[in-house]
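Chains, contacts and geometry: an overview
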Amino acid sequence: MDVASIFERITERYRDPVRLGSRCESKVFYRVEDLTHDELGYLGEALADRILEVCSPLEPAYLINLYGGFTNLAEILSYHLAHAGVTVEVIPLATVDAGNGIVGKLKGSNVVLVNDVITTARSCLEAHTRITMMGASVLCWAALVDRTFGPGPVSVVASITGEPVRLFE
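Predicted model only: the values in this text are computed from it and were never measured.

Observations concerning the pattern of salt bridges
Taken as a whole, this structure holds eight salt bridges when the rule is applied. Residue K105 is joined to E89 by a salt bridge in which the shortest nitrogen-to-oxygen separation is 2.7 Å. Note that K105 is positioned in helix α4 (residues 102-106) and E89 in strand β4 (residues 89-92), a separation of 16 residues in sequence. Of the residues examined, E89 reaches a relative accessible area of 35% and is grouped as partly exposed. One salt-bridge network, in which partners are shared between bridges, spans E12, R31 and E33.

So, the sheet that holds β4
Strand order in the open sheet made by the five strands is β4-β3-β5-β6-β7, with parallel pairing throughout. At either end of the open sheet lies a strand with only one pairing partner, and these are β4 and β7 (155-161). Each adjacent strand pair in this sheet contributes to an overall mean axis angle of 25°, direction not counted. Of the strands in this sheet, β3 (62-65), β5 (110-118) and β6 (137-146) touch helix α5 (residues 122-133), which is tilted by about 165° from β5.

A closer look at the nonpolar core
Inside soluble globular proteins, nonpolar side chains tend to come together where they are buried. In this structure, F7, L35, I51, L77, V112, V114 and L144 are the most contacted members of the largest nonpolar core, which totals 32 residues. When contributions to this core are tallied by element, the ones reaching two or more residues are α1 (3-10), β2 (24-30), α2 (37-55), α3 (73-83), β5, β6 and β7. Apart from residues no more than four positions distant in its own chain, L35 is found in contact with I6, R9, I10, L40, L43 and L144. If you look at the next biggest cluster of nonpolar residues, it comprises 21 residues, including I102, I131, W141 and V154.

Here we look at the side chain of E25
Here E25 is to be found in strand β2. What E25 contacts, discounting residues up to four positions off in sequence, is P17, V18, R19, L20, V165, R166 and F168.

A short note on the pairing of β6
Along β6, nine of the 10 residues are buried, which leaves the element largely enclosed by surrounding structure. Note: β5 against β6, eight bridges, orientation parallel. Across the sheet, residue I118 finds its bridge partner in β6, namely D146. Handedness of the β-α-β unit built from β5, α5 and β6 comes out right-handed. In this structure, β6 lies alongside β7, joined through six bridges in parallel fashion. Considered in β7, the bridge of A143 is made with A158.

Reading the values: the criteria
Residues numbered from 1 in each chain as written. Predicted model: local features only at pLDDT ≥ 70, side-chain atom pairs only at ≥ 80, totals over all residues. Heavy atoms only, no water. Salt bridge = Lys/Arg side-chain N within 4 Å of Asp/Glu carboxyl O. Helix = DSSP H or I, 4+ residues; strand = E, 2+ residues; numbered from the N terminus. Buried < 20%, exposed > 50% of the residue type's maximum accessible area, 1.4 Å probe, protein only. Pairing = 2+ DSSP bridges. Axes fitted to C-alpha atoms, helices over the stretch in contact; angles between N-to-C directions. Contact = heavy atoms within 4.5 Å. Core = buried A, V, L, I, M, F, W, Y, C linked by side-chain atoms within 4.5 Å. Right-handed = clockwise from strand over helix to strand, strands pointing away.

Next comes the structure, spelled out in structure tokens:
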């Protein structure tokens, strides 16, 4: 099993661009929902190792699971990080503003933002800003596919760098 063959299997290529959400289009689409359990485990283990390497000497205390994921990547990363000796709790971004004590947990903690595919980085930037304003430090963003192609506020740890997108705005 290797990363290139895994992503080749789930990559769809089109002659004409297809819309990817409301902000962009591309001739390439990644069907991350078609990844098998074994493939996700393989990719998750490699991503967990890279997260620890990129964030060292710091370690994340929380993985913030962004909206719209299909793969349970945050839970898979948490599992592999635990096997590496780092206990990391998964928190869905939807619960962060719920007044349920989560904001207090995040204050002063190190977190990683997790998304299946980071395309325009807009949702990651919005989450990054919210989490930082709550007093947490975002160590990196983690994804199966990074399509951002740009410097961001932190490193992006991804299985692959995807094909570029065309922004509408």
